Amino acid sequence: MQQSTNEINLDKLPQHIAIIMDGNGRWAEEKGQERLYGHYHGVESVRNIVEGCAEIGIKYLTLYAFSTENWDRPRNEVDGLMTLLADTLRKEVPTLNKNNIRMNVIGDMEMLPEYAVNALQESLDLTSQNTGLNLIMALSYSSRWELVNAVKKIGVDVSLGKIEPNDINQELLQTYLTTSKFPDPELMIRTSGEYRISNFLLYQLAYAELYFTNTRWPDFRKENLYEAILDFQNRERRFGKTGNQIQQVETVISV
Ligand code: IPE
Ligand code: IPE
Ligand code: MG
């Protein structure tokens, strides 16, 4: 069943949605095409989902576009993806600006080819004044890379005497993550029928609601996104408490 926006409670939207955009390669292979054909079509879905998020007022959207482990794919696929990324970023900046969308990036930029870094930097600079949806691209990103990096930086600051080991708590650790400026995602969606996290935001997803769909990423459209949001809105998020405790709080709030 496809959902439309009018079934969604706009007062109960997740602030931050994170998506593992998976299934491009299989989508193409099922059509007798090269894997890159799937990646090209995946860009259509990105456009549609970004628009869908902006339309209903989502504040943060993180898209897992390329993992640290994806560098080990065949050379022509990696090169094709990097070119596609740079070309798409250049093409889409005017639309991002028109819709007041700010680009952000998390990941190891040192691994990217120079032309991709340049295109990325341009899109960051040109959208930096926008105040609507924050689009966060996870590129050359993995959670273990991020956590190791955070630990290294904390180690340096301890050795410089900027912080004491006893100062280290969840709030401080959060400031050393690549996502320090963003709230944790409340909803994580993975397309293509895989039920795993694949090194994505392991720390930040601690209490996210997880939503898995068999739809391949190139077929994923805003109606599918709204279905996921509706599913999210029907869940009881307990954060370790009992259902009764949560329902009491809700009653107090609604009185
Ligand atoms: C997701 O689709 C895009 C990237 C990882 C870059 P895949 O390329 O993983 O597609 P499948 O999972 O092989 O079908
Ligand atoms: C995760 O998908 C990374 C992205 C979608 C960018 P993968 O296709 O690389 O993950 P695995 O290998 O199936 O776990
Ligand atoms: Mg995959």
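Residues numbered from 1 in each chain as written. Chains lettered and ligands numbered in written order. Predicted model: local features only at pLDDT ≥ 70, side-chain atom pairs only at ≥ 80, totals over all residues. Heavy atoms only, no water.

Peer 1: When you look at the overall build of the chain in this model, what are you seeing that I'm missing?
Peer 2: On a plain count of helices and strands, the chain comes out with eight helices and six strands. Reading the secondary structure of the chain in the N-to-C direction produces β-α-α-β-α-β-α-β-α-α-β-β-α-α. Relative to the globule expectation of 18 Å for 255 residues, the C-alpha radius of gyration of the chain, 19 Å, shows essentially globular dimensions. Once the C-alpha set of the chain is aligned to its principal axes, its extents read approximately 55 × 55 × 35 Å. Classification of the 255 residues of the chain by burial places 47% in the buried group. The long-range share in the chain, meaning contacts at least 24 apart out of those at least 6 apart in sequence, stands at 76%. For the chain, the accessible area works out to roughly 13,600 Å², and carbon and sulfur atoms hold 49% of it. Of note, the chain has its 26 positive side-chain charges centred 1 Å away from the centre of its 35 negative side-chain charges. (Helix = DSSP H or I, 4+ residues; strand = E, 2+ residues; numbered from the N terminus. Rg over C-alpha atoms; globule rule 2.2 N^0.38 Å. Buried < 20%, exposed > 50% of the residue type's maximum accessible area, 1.4 Å probe, protein only. Contact = heavy atoms within 4.5 Å. Areas by Shrake-Rupley, 256 points an atom, 1.4 Å probe, with all protein chains shown as cover. Lys, Arg positive; Asp, Glu negative; His and termini not counted. Charge placed at Lys NZ, Arg CZ, Asp CG, Glu CD.)

Peer 1: What am I meant to see in the site of ligand 1 here?
Peer 2: Taken together, the neighbourhood of ligand 1 is formed by 13 residues, with Asp22, Gly25, Arg26, Arg35 and Arg73 sitting nearest. Asn24 is positioned such that a nitrogen or oxygen atom in its backbone is 3.2 Å from an oxygen atom of ligand 1. Taken by itself ligand 1 offers 370 Å² of open surface, and the protein chains cover 88% of this. Cavity membership is defined here by more than half of the atoms lying within 2 Å of grid points; on that basis ligand 1 lies in the largest pocket. Sorting the residues of the shell around ligand 1 by element identifies helix H1 (24-30), helix H2 (35-56) and helix H3 (75-98) as the ones contributing at least two each. Counting residues per element, the shell around ligand 1 draws most heavily on H1, at three residues. (Near = heavy atom within 4 Å. Polar contact = N/O pair within 3.5 Å; in protein donor to acceptor, adjacent residues only side chain to side chain. 1 Å grid on protein atoms, 1.4 Å probe; cavity = no way out; pocket = protein on both sides within 12 Å on 5 of 7 lines; lining within 4 Å. Sits in = over half its atoms within 2 Å of the grid points.)

Peer 1: In this structure, what is going on with the layout of surface pockets? I would like to understand it.
Peer 2: Approximately 1,000 Å³ is the volume attributed to the largest pocket. Taken together, 44 residues make up the lining of the largest pocket; nearest its centre are Met21, Asn24, Val46, Tyr64 and Ala65. Secondary-structure elements contributing two or more residues to the lining of the largest pocket are H1, H2, strand E2 (60-67), H3 and strand E4 (134-141). When residues in the lining of the largest pocket are grouped by element, the largest group, ten residues, is from H3. Among the residues forming the lining of the largest pocket, the class breakdown is 20 nonpolar, twelve polar and twelve charged. Of the pockets and cavities examined, the second largest pocket occupies roughly 340 Å³. Along its surface, the second largest pocket is lined by Asp11, Lys12, Phe232, Gln233, Arg235, Glu236, Arg237, Phe239, Ile246 and Glu250. Every element with two or more residues in the lining of the second largest pocket is listed here: helix H7 (222-233) and helix H8 (243-254). Broken down by class, the residue content of the lining of the second largest pocket amounts to three nonpolar, one polar and six charged. (Points joined across faces, edges and corners; volume = space filled by probe spheres on them. Nonpolar A, V, L, I, M, F, W, Y, C, P; charged D, E, K, R; others polar.)

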